[in-house]
Amino acid sequence: FPGRRTLSHRAVLAIAGRTRTLLLRRGYRVAMTRTGSTFRGGNVERARFCNRRGAALMLRIHADGSSDPSRRGASTLFPARRRGWTDDVHGRSRRAARSIQRSLVGATGARDLGLVERSDLTGFNWADVPVVLVETGFMTNPTEGRLLRSSAYQWRVARGLAAGVAAFTSA
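Residues numbered from 1 in each chain as written. Predicted model: local features only at pLDDT ≥ 70, side-chain atom pairs only at ≥ 80, totals over all residues. Heavy atoms only, no water.

### Considering the packing of aromatic side chains
Per the stated rule, a full pass over the model turns up one aromatic pair. For the pair W85 and W126, a centre-to-centre distance of 5.4 Å together with 70 degrees between the ring planes defines the contact as edge-to-face. Here the residue W85 occupies a position in the loop between β2 (74–79) and α3 (90–108), and W126 occupies one in the loop between α4 (122–125) and β4 (131–138), the gap between them amounting to 41 residues. In this structure W85 comes out as partly exposed when scored by relative accessible area, which is 37%. (Phe/Tyr/Trp six-rings, centres within 6.5 Å; stacked < 30°, edge-to-face > 60°. Helix = DSSP H or I, 4+ residues; strand = E, 2+ residues; numbered from the N terminus. Buried < 20%, exposed > 50% of the residue type's maximum accessible area, 1.4 Å probe, protein only.)

Spelled out as structure tokens, the structure:
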């Protein structure tokens with residue numbers, strides 16, 4: 001699905017830009033690793049980018065895909081506790097994931113696929129700051145894919161993400 005990957009990147013970048021706008025309006029400083037079609041480095045470099053800045057949260061935004069076009073919903077991934085790797089950010093990342101997932105589902109009405117603990121994501125394992133990866137929906141689901149490509153829904157997702165970040169950082 002080479003075309004679908006491009007659609008996913010465009011949708012995710014649009015959501016990230018809208019989320020950035022809303023966070024800036026709330027007074028947050030926002031540093032993005034990608035603002036166009038190319039990005040700086042891989043997942044290790046992205047984690048280091050956030051570590052160097054002492055980020056309050058590393059928010060990764062994705063759109064999911066599946067060979068089953070009926071799959072739909074949003075989930076938020078966070079790092080599993082791995083001694084010597086993620087034990088310093090595990091608890092705060094889980095709290096951020098809970099806050100963001102709740103706000104995202106509330107803002108969008110998306111099916112709640114819950115929180116997913118992962119030990120195999122490089123961007124998590126190299127992070128020294130709280131980190132989450134939000135799967136905003138399935139681009140491979142015809143209805144959800146259309147929603148994710150629509151400006152109105154992208155703003156709803158962004159509002160949910162921004163509200164979740166605000167709830168996490170003010171707690």
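Let us keep going from here.
### Thoughts on helix α6 (residues 151–170)
An α-helical turn contains 3.6 residues, so a residue and the one three or four places further along point in the same direction. The end-to-end C-alpha distance of α6, which contains 20 residues, comes to 28 Å, matching closely the 28 Å that a straight helix rising 1.5 Å per residue would cover. Along α6, the residues classified as buried are Y153, Q154, V157, A158, G160, L161, A162, G164, V165, A166 and F168. (Expected span 1.5 Å × (residues − 1).)

### Let's talk about the sheet that holds strand β3 (residues 112–118)
Pairing is mixed across the open sheet formed by four strands, whose spatial order is β1-β4-β2-β3. This sheet does not close on itself; its edge strands, each paired only once, are β1 (58–64) and β3. In this sheet, neighbouring strand axes are inclined to one another by 20 degrees on average, regardless of whether the strands run parallel or antiparallel. Helix α5 (residues 142–149) contacts β1 and β4 of the sheet and is inclined by roughly 115 degrees relative to β4. (Pairing = 2+ DSSP bridges. Axes fitted to C-alpha atoms, helices over the stretch in contact; angles between N-to-C directions. Contact = heavy atoms within 4.5 Å.)

### With respect to the nonpolar core
Core analysis: the largest hydrophobic core is formed by 28 residues, its most contacted members being L57, I100, V132 and L161. Listed by contribution, the elements that provide at least two residues to this core are α1 (2–25), β1, β2, α3, β4 and α6. Of the residues forming this core, the biggest block, seven residues, is contributed by α6. Aside from chain neighbours lying at most four places away, what touches I100 is L57, L59, T76, V132, V134, G160, L161, G164 and V165. A47, M58, F124 and V131 belong to the second largest nonpolar core, which has twelve residues in total. (Core = buried A, V, L, I, M, F, W, Y, C linked by side-chain atoms within 4.5 Å.)

These figures come from the coordinates and say nothing about function on their own.
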